[in-house]
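A structural walkthrough
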Amino acid sequence: MDHHDRPLAPGLYLVATPIGNLGDISLRALEVLKQADRIACEDTRQTQKLLNHFQIETPTVSCHQHNERHRTVELIEALKAGGRIALVSDAGMPGISDPGAWLAAEAIAAGVAVIPIPGANAALSALVASGLPTGEFHFIGFLPEKAGPRLSRLEELARETARGESPRTLVFYEAPHRVRETLADLETVWGPALRIVMARELTKIHEEFLRATVAEARRDLAARDRIRGEITLLVEALPRSFSGASEETPAVKKISEQVAKLEAELGIDEKDALKRLARELGQSKSDLYRALQRERAQLKTRLR
């Protein structure tokens, strides 16, 4: 009897699904989805398309961020009674920037077998084809949506990596409508020469890898009328010993401090100080002004 005829053992199966190209489903994933008692989905309509394509008739139930905790109680009961449940997200590995981690942790706590069924994942696919260091990487997922907290998080990451021993790659997920702002923030924190890779529409027809400095990438995106698709952003984060930067790089030193220093030393107003600083850093005045506004917004948030 080959493994195809063997009945599926009880447990929770975390099944990776394609992130674009349907050919990326694995044979094992198809077997599990066919044999499971039911499939818990982030969005049942999305998963139904996949199931219809492969003629799988297993019933589905929704398990997304808004009902995950409530739904978990009933799924754990079914698992404890010997059920076989497959968990999928809309695309990629469930639990990675997607619902699923909570259910997996609860199943483990309940003594239920949890079995990963590997497959497509945007972060790793982007990383291996990026040309950036793969020995050490830090997956951050989505950055905060608001400008102030986003800049704070990037500054914190810059400080962490500056203190590190070896180069590492930071991996972010970003929405197409926010990617320009995020690149502006990356340039504010690390400077225009930062090496980045933008991987877009991975495994799909219009798959794109933009491998450039952050300044070049921003020019490229500024010339496009619109940016579509899921985006994975990768950043080469060099420790201080590699980048040859001094203790405080101009990028990490607060723009407001640098502006205030110029105003005091040269007796000029903020506008002229910004103009001068932009020349020194090789950045545009409007970018620096935006960075200054963000710093002030952050300060307000902290003082509240």
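The model shown is predicted, which means the values in this text are computed figures rather than measured ones. (Residues numbered from 1 in each chain as written. Predicted model: local features only at pLDDT ≥ 70, side-chain atom pairs only at ≥ 80, totals over all residues. Heavy atoms only, no water.)

Considerations on the overall build of the chain
The number of helices and strands found in the chain is 12 helices and 10 strands. Projected onto its principal axes, the C-alpha coordinates of the chain cover approximately 85 × 40 × 40 Å. Here the chain holds 304 residues, and the buried ones make up 44% of them. Long-range contacts, defined here as pairs at least 24 residues apart, represent 70% of the contacts in the chain between residues at least 6 apart. Only carbon and sulfur atoms are counted for the fraction: they give 52% of the accessible area of the chain, which is about 15800 Å². Charged side chains of the chain number 42 positive and 43 negative; the gap between the two group centres comes to 4 Å. (Helix = DSSP H or I, 4+ residues; strand = E, 2+ residues; numbered from the N terminus. Buried < 20%, exposed > 50% of the residue type's maximum accessible area, 1.4 Å probe, protein only. Contact = heavy atoms within 4.5 Å. Areas by Shrake-Rupley, 256 points an atom, 1.4 Å probe, with all protein chains shown as cover. Lys, Arg positive; Asp, Glu negative; His and termini not counted. Charge placed at Lys NZ, Arg CZ, Asp CG, Glu CD.)

Quick look at the nonpolar core
F172, V179, L183, L186, I196 and L233 are the most contacted members of the largest nonpolar core, which totals 25 residues. Listed by contribution, the elements that provide at least two residues to this core are α6 (147-162), β7 (168-174), α7 (179-190), β8 (195-200), β9 (208-213), α8 (214-222) and β10 (231-237). Y13, V32, L33 and I39 belong to the second largest nonpolar core, which has 18 residues in total. (Core = buried A, V, L, I, M, F, W, Y, C linked by side-chain atoms within 4.5 Å.)

Looking at the packing of aromatic side chains
Applying the stated criterion across every chain, the model contains two aromatic pairs. Ring geometry for F139 versus Y173: centroids 5.1 Å apart, planes at 70°, classification edge-to-face. Of this pair, F139 sits in strand β6 (residues 137-142) while Y173 is found in strand β7, placing the two residues 34 residues apart along the sequence. Overall, F139 belongs to the partly exposed group, its relative accessible area being 28%. Assessed through its relative accessible area of 10%, Y173 is described here as buried. Relative to Y173, the ring of F142 lies with its centre 5.8 Å away and its plane at 65°, an arrangement referred to as edge-to-face. One end of the pair, F142, is in strand β6; the other, Y173, is in strand β7, and 31 residues separate them in sequence. Among the aromatic residues, ring-to-ring pairing joins F139, F142 and Y173 into one connected group. In this structure, R69 packs its charged tip against the face of W102, placed 3.6 Å from the ring centre. (Phe/Tyr/Trp six-rings, centres within 6.5 Å; stacked < 30°, edge-to-face > 60°. Lys NZ or Arg CZ within 6 Å of the ring centre and 35° of its normal.)

A short note on the environment of A291
Within the fold, A291 resides in helix α12 (residues 285-303). In this structure the C-alpha to C-alpha distance between A291 and V88, which are 203 residues apart in sequence, comes to 40 Å. In this view, A291 contacts L151, T188 and I255; residues no more than four positions away in its chain are not counted.

Remarks on unusual backbone geometry
Look at Q55: it is not a glycine, yet its phi comes out positive at around 55°. Mapped onto the elements of the fold, Q55 is located in the loop between α2 (44-53) and β3 (60-62). In this structure Q55 comes out as exposed when scored by relative accessible area, which is 69%.

Digging into the pairing of β7
With six of seven residues buried, β7 is to be regarded as a mostly interior element. In this structure, β6 lies alongside β7, joined through five bridges in parallel fashion. Pairing of F142 across the sheet is with Y173, part of β7. Of the crossover connections in this fold, the one passing from β6 over α6 to the parallel β7 is right-handed. Looking at chain direction, β7 and β10 are connected through seven bridges and run antiparallel. Bridging across to β10, F172 finds its partner in L233. (Pairing = 2+ DSSP bridges. Right-handed = clockwise from strand over helix to strand, strands pointing away.)

Overview of the environment of T47
Relative to the elements of secondary structure, T47 occurs in helix α2. Its relative accessible area of 5% is what places T47 among the buried residues. Along the chain, T47 and T17 lie 30 residues apart, while their C-alpha atoms are 9.0 Å from each other. Those residues within four positions of T47 in sequence are excluded, and the remaining contacts are I39, C41 and V88.

From the geometry alone we can't say anything about function, so treat these as descriptive.
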